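Coordinate inspection notes
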Amino acid sequence: MFFEENYETMSRENMSKLQQERLIKMVKYCYDNVPFYKRKFDEINLSPSDIKSLSDISKIPMTEKSDLRDNYPYGLMATHMDDIVRVHASSGTSGKPTVVVYTKADLDMWSDCMARLIIAAGGRKTDIVQVCFGYGLFTGALGLHQGYEKIGATVIPASSGNTERQVMLMKDLGTTALIATPSYGLYISEVVKKMGLTKDDLNLKIGMFGSEASSCEMHAELQDKLGLFPTDNYGLSEIIGPGVAGECACKCGMHINEDHFYPEIIDKDTLLPVADGEWGELVITTLTKQGMPLLRYRTKDITRLITNTCECGRTLVRMDRIQGRSDDMLIIRGVNVFPSQIEGVLMSIPEIGGNYEIIVSREGYMDKLAINVELSNSKLLDNFAMLEQLVKVIKSKLKVVLQIDATVSLVEPQTLKRFEGKAKRVTDLR
Ligand code: DLL
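Quantities reported herein were computed from a predicted structural model and do not represent experimental measurements. (Residues numbered from 1 in each chain as written. Predicted model: local features only at pLDDT ≥ 70, side-chain atom pairs only at ≥ 80, totals over all residues. Heavy atoms only, no water.)

A word on the overall build of the protein
Per the secondary structure count, the protein includes 11 helices and 21 strands. On C-alpha atoms alone, the protein measures out to a radius of gyration of 23 Å, which is about the 22 Å that the 2.2 N^0.38 rule sets for 430 residues. Based on the C-alpha atoms only, the size of the protein along its principal axes is roughly 70 × 60 × 45 Å. Counting all 430 residues of the protein, 53% fall into the buried class. Taking the intrachain contacts of the protein between residues at least 6 apart in sequence as the baseline, contacts between residues at least 24 apart amount to 66%. Summed over its atoms, the accessible surface of the protein is roughly 19,100 Å², and 51% of this surface lies on carbon and sulfur atoms. Of the charged side chains in the protein, 51 are positive and 57 negative; the average position of the first set lies 2 Å away from that of the second. (Helix = DSSP H or I, 4+ residues; strand = E, 2+ residues; numbered from the N terminus. Rg over C-alpha atoms; globule rule 2.2 N^0.38 Å. Buried < 20%, exposed > 50% of the residue type's maximum accessible area, 1.4 Å probe, protein only. Contact = heavy atoms within 4.5 Å. Areas by Shrake-Rupley, 256 points an atom, 1.4 Å probe, with all protein chains shown as cover. Lys, Arg positive; Asp, Glu negative; His and termini not counted. Charge placed at Lys NZ, Arg CZ, Asp CG, Glu CD.)

Set out below in structure tokens:
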């Protein structure tokens, strides 16, 4: 079953033709409506009319997350504010979030893309769907919510957290589809067990997981413990949110909604395209977005494209599981965290010295963030009440910026490891 069969099963020839038509239009739209792009084109004497075919895309300069930060909050918007009906945001590399905006047409396109992936994964109108992503500026919850509503399923906007209550709802309301990060899915499975329940007490059939990396082993565990069919789903706020790509029932790569999001894989150092099927950084051009279209956006996610035929009948190209990132962004409990954000908080506190370490670990299925910080002066160690207060201040400032809790330990000056070259501040033990 398909949601938009004509697009999902389009021949390669017709898909390339459609992408080309849309690219040419999109480039002109960006040039005419986003001063940032006009400037970028003018700087290298590139005219929108130079983009005549898909292969000309390599002439277009890339867009990076820092471009969104430098033009915060609405600098890359292509329409009037009046036409914007929704704002979302994700973590930026500095204290400011990356803001993204949607027109009514963007929201419709987003729901359609989500609906395609839901149907591809095996979701149906009869599903009772528990969305355990945090509702708010994060795109995950509302993205899947809209997609499921589009196919006429029943949506329970449970949001994240309060896990015993989640399990109770799941059992009492007959939830058939679970939407969460894979690590939260596994945590839910532990709580199910702790509550003296088994998968047979639940009615779960499908899990749409995403927003952070997962492995085949994690999926096998989710399947075994919760009795559901797990799929991996990929997306990012800058491009639309979830709905960019997702696994179908064949689970052999995530189909990209490539009539809306044109993918390229580049070498992160040379920025040139890699050979077909090779690993590299995913770069996406939005082909139909109105509110905040992006040309050649560097996702920094490492993957490869899979072009052989998929048994599900979809011809949409697939991308492999994300292997990692080409920058230092960490994903902790599904939340994007940049070490620079942590540094920014620490450096704003005078009692803190210049040295710190960030340790990310996993306890059971939960990611933990621990930060060890050197004090600026050992005299501070004598005042216990002050130290306690300082830890509280650091934790609450971090929570405001990162939106997740961290354990903070203060240590004596000059006790953390020193580095001769580039400091290695992050240890990821997961
Ligand atoms: O995480 C969108 C999303 C929500 C996707 C729900 C799927 C499900 P951001 O918060 O902007 O958006 O984070 C985007 O998360 O660049 C990847 O590094 C990472 N990421 C997202 N999905 C996956 C995945 C949402 N399936 C960043 N596997 C991306 C690995 C993922 N990493």
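A word on the sheet that holds strand β19 (residues 366–375)
With respect to topology, 4 strands assemble into an open sheet ordered β20-β19-β18-β21, the strand pairing being mixed. Strands with a single pairing partner mark the edges of an open sheet, and in this sheet they are β20 (407–411) and β21 (426–428). On average, each strand axis in the sheet is inclined to that of its neighbour by 15°, with strand direction left out of account. As defined by bridge partners, β19 adjoins β20 across 5 bridges and the pair is classed as parallel. Bridging across to β20, Glu374 finds its partner in Val411. Across the face of the sheet, helix α10 (residues 339–347) comes into contact with β18 (352–363), β19 and β21 while running at roughly 140° to β18. (Pairing = 2+ DSSP bridges. Axes fitted to C-alpha atoms, helices over the stretch in contact; angles between N-to-C directions.)

Re the pairing of strand β10 (residues 261–266)
Across the 6 residues of β10, 6 count as buried, placing the element largely inside the fold. Taking every second residue as pointing to the same face, both faces of β10 are buried, with Phe261, Pro263 and Ile265 on one and Tyr262, Glu264 and Ile266 on the other. Across 6 bridges, β10 lies against strand β11 (residues 280–286) in antiparallel orientation. Residue pairing in the sheet places Pro263 in a bridge with Ile284 of β11.

Side note on the packing of helix α2 (residues 12–33) against helix α3 (residues 35–43)
At a minimum axis distance of 5 Å, the contact between α2 and α3 shows a crossing angle of 105°. Accordingly, the angle class assigned to the pair α2 and α3 is roughly perpendicular. For the pair formed by α2 and α3, the contact residues are Val27, Cys30, Tyr31 and Asn33 on the first element and Pro35, Tyr37, Lys38, Phe41 and Asp42 on the second. Partitioning the contact of α2 with α3 into residue classes produces 6 nonpolar, 1 polar and 2 charged. (Parallel < 35°, antiparallel > 145°, perpendicular 65-115°, else oblique. Nonpolar A, V, L, I, M, F, W, Y, C, P; charged D, E, K, R; others polar.)

Quick look at the nonpolar core
Judged by nonpolar contacts, the single largest core of 68 residues is most densely connected at Tyr148, Met208, Tyr234 and Met319. Of all the elements, helix α5 (residues 104–121) adds the most residues to this core, at 10 residues. Residues within four places of Met319 in sequence aside, it is in contact with Tyr234, Ala245, Gly253, Met254, Ile256, Leu282, Thr303, Arg304, Leu305 and Ile306. Ranked by size, the runner-up nonpolar core spans 26 residues in total, among them Ile332, Leu346, Ile349 and Val391. (Core = buried A, V, L, I, M, F, W, Y, C linked by side-chain atoms within 4.5 Å.)

Let's talk about the site of the ligand
Surrounding the ligand, one finds 24 residues, the nearest of these being Ser211, Asp232, Asn233, Ser237 and Asp301. Take Asn336: an N or O atom from its side chain is 3.1 Å from an oxygen atom of the ligand. For the ligand, the accessible surface in isolation is 610 Å², of which the surrounding protein chains cover 97%. Looking at the shell around the ligand, the elements that each hand over two or more residues are α6 (139–150), β7 (229–236) and β8 (241–247). A per-element tally of the shell around the ligand places β7 first, with 5 residues. (Near = heavy atom within 4 Å. Polar contact = N/O pair within 3.5 Å; in protein donor to acceptor, adjacent residues only side chain to side chain.)

Some words on the state of the cysteines
Disulfide: a covalent bond connecting the sulfur atoms of a pair of cysteines. According to the stated counting rule, one finds 0 disulfides in the structure shown. Of the cysteine sulfurs around Cys248, a residue in no disulfide, the closest is that of Cys310, at 3.7 Å. A relative accessible area of 0% places Cys248 in the buried class. (Disulfide = S-S within 2.5 Å.)

Quick notes on the domain arrangement of the protein
The domains assigned to the protein are domain 1 (1–322) and domain 2 (330–428). Domain 1 and domain 2 are separated by 32 Å when their C-alpha centres are compared. Both sides together, the interface formed by domain 1 and domain 2 hides about 1,200 Å², and carbon and sulfur atoms give 55% of it. Inspection of the domain 1/domain 2 interface yields 0 salt bridges. Linking domain 1 with domain 2 are 5 residue pairs in polar contact (both at pLDDT 80 or more). Listing elements by their share of the side of domain 1 that touches domain 2, those giving two or more residues are α8 (182–194) and α9 (216–226). Considering only residue class, the side of domain 1 that touches domain 2 consists of 2 nonpolar, 9 polar and 5 charged. (Domains from an automatic or database assignment. Buried area = accessible area lost by both parts, 1.4 Å probe. Salt bridge = Lys/Arg side-chain N within 4 Å of Asp/Glu carboxyl O.)

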